[in-house]
Amino acid sequence: MSSDKTVRVRVAPSPTGDPHVGTAYVTLFNYVFAKQNGGKLILRVEDTDQNRYRKASEERILKGLKWLGLQCDEGPDVGGSYGPYRQSERLPLYKKYAKTLLEKEKAYHCFCTQERLAEARETQKKEGGRFGYDRHCRYLDKSEVEKKLQGGISSVIRLKMPTEGEGSFIDELRGPITIDYNQLDDQILMKSDGFPTYHLANVVDDHEMKITHVIRAEEWISSTPKHVTLYEAFGWEKPQFIHLPLLRNTDKSKISKRKNPVSLDFYRRKGILPETMINFLGLMGWSFKAEEREKFSLEEMVSSFKFSDISLGGPVFDQKKLSWLNQQYIQTMPQEKFLKHCREEMFSESILKSIYPLVRERLDSFDEFFEKFSFFFTLDLKYENLSLVPKEKTASEMKTIFLELSLLLDEIDIWSLATVTQVMNSYLKDKALKPKEFYMPLRLILTGRQDSPPLLETMEALGRDVVRYRLQWVCDHIFTG
RNA sequence: GUCCCCAUCGUCUAGCCCGGCCCAGGACACCGCCUUUUCACGGCGGCGACGCGGGUUCAAAUCCCGCUGGGGACGCCA
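Residues numbered from 1 in each chain as written. Chains lettered and ligands numbered in written order. Predicted model: local features only at pLDDT ≥ 70, side-chain atom pairs only at ≥ 80, totals over all residues. Heavy atoms only, no water.

Re the environment of Pro435
Applied cut-off: In this description a helix means any DSSP run of H or I spanning at least four residues, a strand means any run of E spanning at least two, and both kinds are numbered starting from the N terminus. Summary of the burial criterion: residues with accessible area below 20% of their type's maximum are buried, those above 50% are exposed, and those between are partly exposed, where the area comes from a 1.4 Å probe applied to protein chains only. Every residue pair with non-hydrogen atoms within 4.5 Å of one another is taken to be in contact.
Mapped onto the elements of the fold, Pro435 is located in helix α17 (residues 435-447). The exposure class of Pro435 is partly exposed, given its relative accessible area of 46%. A C-alpha to C-alpha distance of 9.8 Å links Pro435 and Asn425, two positions ten residues apart in sequence. With sequence-adjacent residues up to four places away left out, Pro435 is seen in contact with Leu428 and Met440.

This is the structure:
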């Protein structure tokens, strides 16, 4: 790859939930490539979806990447000369460029309602063939468009894609990729709420931030021709495109929280060391060929990394191998580091403080501490002698209940006693569940015992990841059949 | 459904670009043995893959084509 200009790469997470292992994975490869080339890694927050936006998410993502040692050179927390680094703070820029496209007649206003589009999609689905916008508004005449705009009819701005021929680009790992334009529809660039879509914001920002290499996940391949069309519409130089394979669940589907823990917070709580996680992610699709070993550091990866050494099959994220690798790191941990980890991660101030009010009233002496409260520290509980299914319910009913609950808890933005309580109460009311057949099983699931501190406070202290993990585990292993 | 991407042990992968050194190497998991007062670690061994079919070639895991399989995309999500 030519190096006539400074390498600038970026990672662009969307603050909609957990700090995701997939984000860490893509960040790792961006980081390694940047470091190796004396380039810069930019972190850009893609918060253009008002519905999915979660306030607490950005901070958790930043914290997660920092935990892994993937420090960015520019970003919302560290600043930089190409800011702001949150797309929600760059709205005027997107408006300006959308206007440019309108003026160049590369884009147009579309007044179609979401209902009409949904109907059209439905029809297309029945008839088979491709799904896509029928370009109804593309051929509206100017006076009509003007009239509708004056009338304040809600509209979006769409990109005029070529209607025939094919679009292609070079993927640095796969070679040329060509897609027929009849497969691509006129992408929405500006939504009716005035926010840009990914496609516009992404291209504008990559250009403005002088990004040289777009290193992102494979799921973006099919929309890359749209991005290329945008670059060309603006007359901008295109970056190089590199699409990384997608991390997979055991069943080979794209990794997802329903089938696999994906939160960095979860793995941290589980006691996976950051260097283990980095090493493990580095093993996904890449291998350390300099020497024949699987254990290597971030620095070692930086020094011998080559994109051409990436294999393109989608790697399954295997918990067992992760654990084994972690063991390798623990075995060789210097005493100092070991103690530090116990102090700061296992018995951290924050965990101890959160359980203090719950345990202090229930302790005759400190030697009972682990016997009574181990569930605050262990991840996997034993349910052998507990009956989790009350008499009046079946296992599959319980499964439905707790899966639904898990989903609701997942929606909580800021995890606190108040928010958890609110979700729990409204769910109980919604489903008209008797507290007896709901709270006791939940208590058993979350603590592994019948005597525990108050449930809601316990949930708050356990944290979202642990609660969700236990619910999921029980649904998968006990509420079966 | 349409398009795109991918294809070596159950899993992560080496080998593939530049065909022969590969009846395919390593690691996880699993099984057995050894070590050991226990458990773990460790050591040794076992199980286990080039998806299928056609070409090209003296020779194919490696190159070409087709099929099959898996995945992704097709949103006023990213």
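A closer look at the protein's contact with RNA strand B
This is how the line gets drawn: Residues are counted as near a molecule or strand when any one of their heavy atoms sits within 4 Å of it. Nitrogen and oxygen atoms within 3.5 Å of one another constitute a polar contact, given that in protein one can donate a hydrogen and the other can accept it, and given that sequence-neighbouring residues count only through two side-chain atoms.
Thr48, Gln183, Lys191, Gly285 and Glu294 are the nearest of the 52 residues found near RNA strand B. Lys321 is positioned with one of its side-chain polar atoms (N or O) 3.1 Å from a base nitrogen of RNA strand B. Elements with a minimum of two residues in the surface near RNA strand B: α4 (114-127), β6 (175-180) and α11 (319-331). Looking at the surface near RNA strand B element by element, the count peaks at five residues for α11.

Considering the pairing of strand β2 (residues 40-43)
To keep it simple, the criterion reads: The criterion for strand pairing is that DSSP finds at least two bridges linking the strands in question.
One ladder, built from four bridges, connects strand β1 (residues 8-11) with β2; its direction is parallel. If you follow Arg8 over to β2, its bridge partner there is Lys40.

Brief notes about the environment of Pro19
Relative to the helices and strands, Pro19 resides in the loop between β1 and α1 (21-36). For Pro19, a relative accessible area of 1% translates into the label buried. Distance in space between the C-alpha atoms of Pro19 and Gly314 is 21 Å, their sequence separation being 295 residues. When sequence neighbours within four positions are dropped, the list of residues in contact with Pro19 reads Arg60, Ile61, Val262, Ser263, Leu264 and Asp265.

So, the pattern of salt bridges
To keep it simple, the criterion reads: The term salt bridge refers to a side-chain nitrogen of Lys or Arg lying within 4 Å of a carboxyl oxygen of Asp or Glu.
Counted according to the given criterion, the structure contains 44 salt bridges. One salt bridge connects Glu232 with Lys238, and the closest N-O pair in it is separated by 3.1 Å. Note on Glu232: relative accessible area 47%, which makes it partly exposed. Take Lys238: its relative accessible area is 37%, and that puts it in the partly exposed class. One salt bridge connects Glu291 with Arg293, and the closest N-O pair in it is separated by 3.0 Å. According to the relative accessible area criterion, Arg293 is partly exposed, its value standing at 29%.

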